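# Descriptive structure summary
Residues per chain are reported as follows:
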Amino acid sequence: MTASSYAVRVAAGPEDLDACFAVRKEVFVVEQEVPAELEYDTYDDTAVHVLAIAEDGTPLGTGRLLYGADASARTGSGPEVGSLGRLAVSGAARGLGIGAALVRGIEDAARTRGLTAVDLHAQTHALRFYERLGYAAYGPVFLDADIDHRAMRREL
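Residues numbered from 1 in each chain as written. Predicted model: local features only at pLDDT ≥ 70, side-chain atom pairs only at ≥ 80, totals over all residues. Heavy atoms only, no water.

### Comments concerning the pattern of salt bridges
It is possible for side chains bearing opposite charge to pair when their charged atoms get close. Applying the stated rule across the entire model yields 13 salt bridges. Note that Arg24 is salt-bridged to Asp44, the shortest N-O span being 2.8 Å. Within this pair, whereas Arg24 is found in helix 1 (residues 14-31), its partner Asp44 is found in the loop between helix 2 (36-39) and strand 2 (48-54), the two being separated by 20 residues in sequence. Two residues, Glu107 and Arg154, come together in a salt bridge whose shortest N-O distance is 3.1 Å. (Salt bridge = Lys/Arg side-chain N within 4 Å of Asp/Glu carboxyl O. Helix = DSSP H or I, 4+ residues; strand = E, 2+ residues; numbered from the N terminus.)

Listed below in structure tokens is the structure:
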């Protein structure tokens with residue numbers, strides 16, 4: 001697979017949302033054993049979901065952007081800061097740049113909404129990935145779903 005054999009887009013409609021949720025289930029619920037009741041939340045109803053999809057329609061990855069009051073509740077910041085989360089790439093599609101393309105797609109969605117920064121809670125094993133994309137860690141390590149995380153931010 002090459003960069004030209006997949007597209008990253010904002011999810012539109014129930015089929016795209018189902019594809020996003022299928023990737024999240026594969027990565028978080030099955031691989032990382034995060035309980036489904038923790039993985040899916042009320043933020044899913046108002047978030048902007050971004051989907052990476054192969055030419056043949058196979059979902060490859062997803063992530064979401066919270067903004068407004070939802071993001072402020074998650075980050076403790078003002079309305080100008082979005083919250084990137086639930087970034088997941090299917091096992092078969094890892095190492096192809098899809099994760100970075102999803103992050104950039106989420107950042108584009110944030111800019112479209114007038115946001116000036118994006119926060120995220122990175123699993124500690126993924127810190128270097130986000131650092132390469134311009135995110136800086138702040139604050140202590142904390143547990144989320146029994147997995148070590150660290151807050152990170154990037155100004156847009």
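After that view, the rundown keeps rolling.
### Thoughts on the side chain of Arg24
Accessibility expressed as a relative area gives 1% for Arg24, which makes it buried. In contact with Arg24, other than residues within four places in its own chain, are Val29, Glu39, Tyr40, Asp44, His49, Thr62, Arg64 and Arg86. (Buried < 20%, exposed > 50% of the residue type's maximum accessible area, 1.4 Å probe, protein only. Contact = heavy atoms within 4.5 Å.)

### Digging into the packing of aromatic side chains
Within the structure shown, the criterion is met by three aromatic pairs. Between Phe21 and Tyr40 the ring centres are 5.7 Å apart and the planes differ by 85 degrees, which places this aromatic pair in the edge-to-face class. One end of the pair, Phe21, is in helix 1; the other, Tyr40, is in the loop between helix 2 and strand 2, with 19 residues separating them in the sequence. Assessed through its relative accessible area of 24%, Phe21 is described here as partly exposed. With relative accessibility at 28%, the residue Tyr40 sits in the partly exposed group. Both rings, one in Phe129 and one in Tyr130, keep their centres 4.9 Å apart while their planes meet at 75 degrees; by these two values the pair is edge-to-face. The class of Phe129 is partly exposed, set by a relative accessible area of 24%. Here Tyr130 falls in the buried class, since its relative accessible area comes to 8%. Three or more aromatic residues joined by ring pairs make a cluster, and in this case those are Phe129, Tyr130 and Tyr135. A cation over a ring is seen here: Arg113 above Tyr67, with NZ or CZ 5.4 Å from the ring centre. (Phe/Tyr/Trp six-rings, centres within 6.5 Å; stacked < 30°, edge-to-face > 60°. Lys NZ or Arg CZ within 6 Å of the ring centre and 35° of its normal.)

Geometric values such as these leave the question of function open.
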